[in-house]
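# Observations on the model geometry
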Amino acid sequence: MIKAKIFWDKLCSELGYRFFTGIPIAEFKVLYNTMAIDFMHFIPAVDEVRALGLVSGASLSGVKGAVLMSSRAFDNIKAQMDNFNIKYNIPILFIVEDTYNPLRLEQFEISNDLNILDSLVAYLNKSSAILVVKEGVIS
Amino acid sequence: MNRKKFLNNVKDLVFENDIVFCIGQSLCNEAPELSKGTVFINDTHTDILSVALGVAMTTDKRVLLILEDQYLLSNFNAVFQIAVSKCTNLYLIVATSTLYTHEVAQTNLFNSIRSMVGVLVNTGMLVHEYSKYFETKKSLKLLKDIYSRTIGPVISFVVITNNRLYTTCGDTRNLEELNTLSEFIKDKSLETSLTEVNTPFFNLESIMKDK
């Protein structure tokens, strides 16, 4: 188990992610409550596709960003991901909770080299990844 | 005014260092090179409106989107996101042909909506009608002056007619060209066309500093 503030500190200060967006989900309540406006920015999105678009746009400007979402919505963004992010190799990080709907991660390259929480990191291609945060890992 | 003439006129409205997203097959194929930062996206199944919003939030340059009414209808969720963002450097020009595609002369739902302007105004966006301005070079020059001082997010409509597709430029930009565009967006040394009034207040620079 890891403290949410340490999670943000690692992601924002060490890895340089400062632009976050997504759809609020109950499982990430602790993460939302510990967000700090002095070193990160969170934008609530209309849906997951818009969230992905926002982070892709920020990525084009050289700002590292991530989408916080539930694994249940992963199918919704598949078309956008394939037609834009993978096609143009635009990097993106998904922070996903998959307790109730586990992702079929065997199709991706799995690693824990991001070294955050010892959580699984599934690489969609060489620049995009899913950071899987299991329930109860963050407090 | 037909689509081809509209696209040629848009060129007069674009400032040198603007970032332009041109979306849709007919617009992409007929549009001239509008600025150094132009990206053409042929594929209408991708949501570029929110990508452009993401760019606008993180740059000090003007971001211009040129799209067709059908694309606006199919990505209307992104309009809500744009409206609440209050991104002062984001501008949309909608070419209203009221057709699904340039190939199928079947009308879409755009004109069936009682008041599209009303819907958009109620989202919080500024809505303009630019059809008259696009008729002559003189009025276009006047519009450019107005445009430089308009505070975004603003959506403007230009009524166009369909024409035979004149393919004047290539297909969707490739990976290399998108990387060039990315470098262009990141280049802070380029002069921006934004004035004091429409400089984005959404400044990520402050939070990009080390904690």
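So, how was this worked out
- Residues numbered from 1 in each chain as written.
- Chains lettered and ligands numbered in written order.
- Predicted model: local features only at pLDDT ≥ 70, side-chain atom pairs only at ≥ 80, totals over all residues.
- Heavy atoms only, no water.
- Salt bridge = Lys/Arg side-chain N within 4 Å of Asp/Glu carboxyl O.
- Helix = DSSP H or I, 4+ residues; strand = E, 2+ residues; numbered from the N terminus.
- Buried < 20%, exposed > 50% of the residue type's maximum accessible area, 1.4 Å probe, protein only.
- Expected span 1.5 Å × (residues − 1).
- Contact = heavy atoms within 4.5 Å.
- Polar contact = N/O pair within 3.5 Å; in protein donor to acceptor, adjacent residues only side chain to side chain.
- Buried area = accessible area lost by both parts, 1.4 Å probe.
- Pairing = 2+ DSSP bridges.
- Axes fitted to C-alpha atoms, helices over the stretch in contact; angles between N-to-C directions.

### Regarding the pattern of salt bridges
Residue and element names in this part refer to chain B.
- As enumerated under the stated definition, the model contains 10 salt bridges over all chains in all.
- Between Lys-137 and Asp-12 there is a salt bridge, and its shortest N-O distance comes to 2.6 Å. Highlighted residues: Lys-137 in helix α7 (residues 137-149) and Asp-12 in helix α1 (residues 3-13), separated in sequence by 125 residues.
- Given a relative accessible area of 52%, Lys-137 falls into the exposed group.

### Digging into α7(B)
All names here are of chain B.
- If you check α7, its first and last C-alpha atoms are 19 Å apart, about what 13 residues at 1.5 Å a residue would give, namely 18 Å.
- Among the residues making up α7, those that are buried are Ser-139, Leu-140, Leu-143, Tyr-147 and Ser-148.
- Buried residues belonging to α7 abut α1, β3 (63-68), β4 (90-96) and β6 (154-159).

### Details of helix α3 (residues 48-57) of chain B
Residues and elements named next belong to chain B.
- With 10 of its 10 residues buried, α3 lies for the most part within the structure.
- Considered for burial, the residues of α3 that qualify are Ile-48, Leu-49, Ser-50, Val-51, Ala-52, Leu-53, Gly-54, Val-55, Ala-56 and Met-57.
- Capping of α3 at its N-terminal end is provided by Asp-47; its side-chain oxygen lies 3.2 Å from the backbone amide nitrogen of Leu-49.

### Topic: the interface of chain B and chain A
- Taken together, the contact pairs 33 residues of chain B with 32 residues of chain A.
- Across the interface of chain B and chain A, roughly 2700 Å² is buried in total on both sides, 64% from carbon and sulfur atoms.
- Here chain B is connected to chain A by one salt bridge.
- Across the salt bridge formed by Asp47(B) and Arg50(A), the nearest N and O atoms sit 3.0 Å from each other.

### Some thoughts on the sheet that holds β6(B)
All names here are of chain B.
- The sheet built from six strands is open, its strands ordered β2-β1-β3-β4-β6-β5 with parallel pairing. Sheet topology places β2 (37-41) and β5 (126-129) at the edges, where each strand pairs with a single neighbour. Within this sheet the neighbouring strands show an average axis-to-axis angle of 15°, counted without direction.
- Across four bridges, the pairing between β5 and β6 is parallel. Bridge pairing in β6 places Leu-126 opposite Val-154.

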